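Below, each chain spelled out in residue letters.
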Amino acid sequence: MTSTVGAVLGSFVFFWMAPGTIAGLVPYLLSRWRIQPPLLGVPAGRVVGGIVLAMGVVGLVECFGRFALKGRGTPAPIAPPENLVVSGLYRHVRNPMYVAVVCAIVGQALLFGSVVLLEYAGVVWLLFHVFVLGYEEPTLRQQFGSSYAAYRENVRRWWPRLTPWQGAGPE
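This is a predicted model, so every value here is computed, not measured. (Residues numbered from 1 in each chain as written. Predicted model: local features only at pLDDT ≥ 70, side-chain atom pairs only at ≥ 80, totals over all residues. Heavy atoms only, no water.)

Looking at the overall build of the protein chain
- In terms of regular secondary structure, the protein chain is built from five helices and zero strands.
- For the protein chain, the C-alpha radius of gyration of 17 Å lies close to 16 Å, the compact-globule estimate for 171 residues.
- Reported as C-alpha extents along the three principal axes, the dimensions of the protein chain are approximately 50 × 30 × 25 Å.
- A total of 171 residues make up the protein chain; the buried ones form 37% of that total.
- A fraction of 73% describes how many contacts in the protein chain between residues 6 or more apart in sequence connect residues 24 or more apart.
- Within the structure as shown, the protein chain displays about 9300 Å² of accessible surface, and the carbon and sulfur contribution to it stands at 72%.
- Here the protein chain contributes 13 positively and 7 negatively charged side chains, and the mean placements of these two sets differ by 5 Å. (Helix = DSSP H or I, 4+ residues; strand = E, 2+ residues; numbered from the N terminus. Rg over C-alpha atoms; globule rule 2.2 N^0.38 Å. Buried < 20%, exposed > 50% of the residue type's maximum accessible area, 1.4 Å probe, protein only. Contact = heavy atoms within 4.5 Å. Areas by Shrake-Rupley, 256 points an atom, 1.4 Å probe, with all protein chains shown as cover. Lys, Arg positive; Asp, Glu negative; His and termini not counted. Charge placed at Lys NZ, Arg CZ, Asp CG, Glu CD.)

What follows is the structure, given as structure tokens:
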């Protein structure tokens, strides 16, 4: 059994190692966060980008906290949650952390007018998709059985539900 303090500390470290690198360091290295002409010549895209970036960061922080406090584990495969997390943003989409990371990258692409970051977001999403199909879903199926099956039947992998799923989970 993982302690709450251990789960929070582990999640904090993993936050900076994984999404901090994927959605922060790499976009910086690719773009140096230089403002370029707006994508498609639409200046309002910068405002949209700032909003999408903020939504991604807030969603990511919320999910990491939920994993630690409700799941009693971390998002890292070496210290997974003890409980299937099906509350918060998880009631809308099965992979809100990955969606949040891609939103943070797309937001930066729009904010800075960076085609390279937009392309990078596509590559990141594709790698997340392959990881989810090849590792995460089979692992969750094995670990949580019928609870995960019911969740999977009702909540889409990538496209959020407009209304939250009301199914009961073991958290």
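That shown, we press on.
Some points on the state of the cysteines
- Scanning the model with the defined rule gives zero disulfides in all.
- Distance from the sulfur of C103, which forms no disulfide, to the nearest cysteine sulfur (C63) is 11 Å. (Disulfide = S-S within 2.5 Å.)

Structural notes on unusual backbone geometry
- Phi is positive for R32, which is not a glycine, with a value near 55 degrees.
- Within the secondary structure, R32 sits in the loop between helix 2 (19-31) and helix 3 (44-69).
- On the accessibility criterion, R32 (39% relative accessible area) is partly exposed.
- At R72, a position not held by glycine, the phi torsion is positive, near 55 degrees.

What to know about a nonpolar patch on the surface
- The grouping of F12, V13, W16 and M17 at the surface amounts to a nonpolar patch, some 480 Å² of accessible area in total.
- Take F12: it is sitting in helix 1 (residues 4-17). (Patch = residues over 30% accessible without salt bridge, like charges linked within 9 Å, V, L, I, M, F, W, Y side chains within 5 Å. Salt bridge = Lys/Arg side-chain N within 4 Å of Asp/Glu carboxyl O.)

Notes on helix 5 (residues 115-154)
- Over its 40 residues, helix 5 extends only 35 Å from the first C-alpha to the last, a length that falls short of the 58 Å expected when each residue adds 1.5 Å.
- Where helix 5 bends most, at F144, the angle is about 125 degrees.
- Of the positions making up helix 5, those classed as buried are L117, Y120, A121, V124, F128, H129, V132, E136, E137, F144, Y148 and Y151.
- Packing partners of the buried residues in helix 5 comprise helix 2 and helix 4 (96-112). (Expected span 1.5 Å × (residues − 1). Bend = angle between axes of the 7 residues up to and from the residue.)

Topic: the packing of aromatic side chains
- Taken as a whole and judged by the stated rule, the model has 13 aromatic pairs.
- Summarising the aromatic geometry, the rings of F14 and F64 are spaced 6.3 Å apart at their centres and angled 25 degrees between planes, so their arrangement reads as stacked. Of the two residues, F14 sits in helix 1 while F64 sits in helix 3, which places them 50 residues apart along the sequence.
- F64 sits in the buried class, given a relative accessible area of 5%.
- In textbook terms, an aromatic cluster arises when at least three aromatic residues are bridged by ring pairs, as seen for F12, F14, F15, W16 and F64. (Phe/Tyr/Trp six-rings, centres within 6.5 Å; stacked < 30°, edge-to-face > 60°.)

Description of the pattern of salt bridges
- In total, this model carries five salt bridges according to the counting rule given.
- Here R94 makes a salt bridge to E137, at a shortest N to O gap of 2.8 Å. Residue R94 is found in the loop between helix 3 and helix 4, and its partner E137 is found in helix 5; the two are separated by 43 residues along the sequence.
- Its relative accessible area of 10% is what places R94 among the buried residues.
- A salt bridge links E137 to R152; the shortest N-O distance between them is 3.7 Å.
- Salt bridges sharing common partners tie together R94, E137, R152 and R157.

Section: the side chain of S31
- Among the secondary structure elements, S31 is positioned in helix 2.
- By relative accessible area, S31 is classed as buried at 3%.
- Not counting residues within four places of it along the chain, the set of residues in contact with S31 comprises S114 and L117.

Remember that the coordinates give geometry; whether it matters functionally is a separate question.
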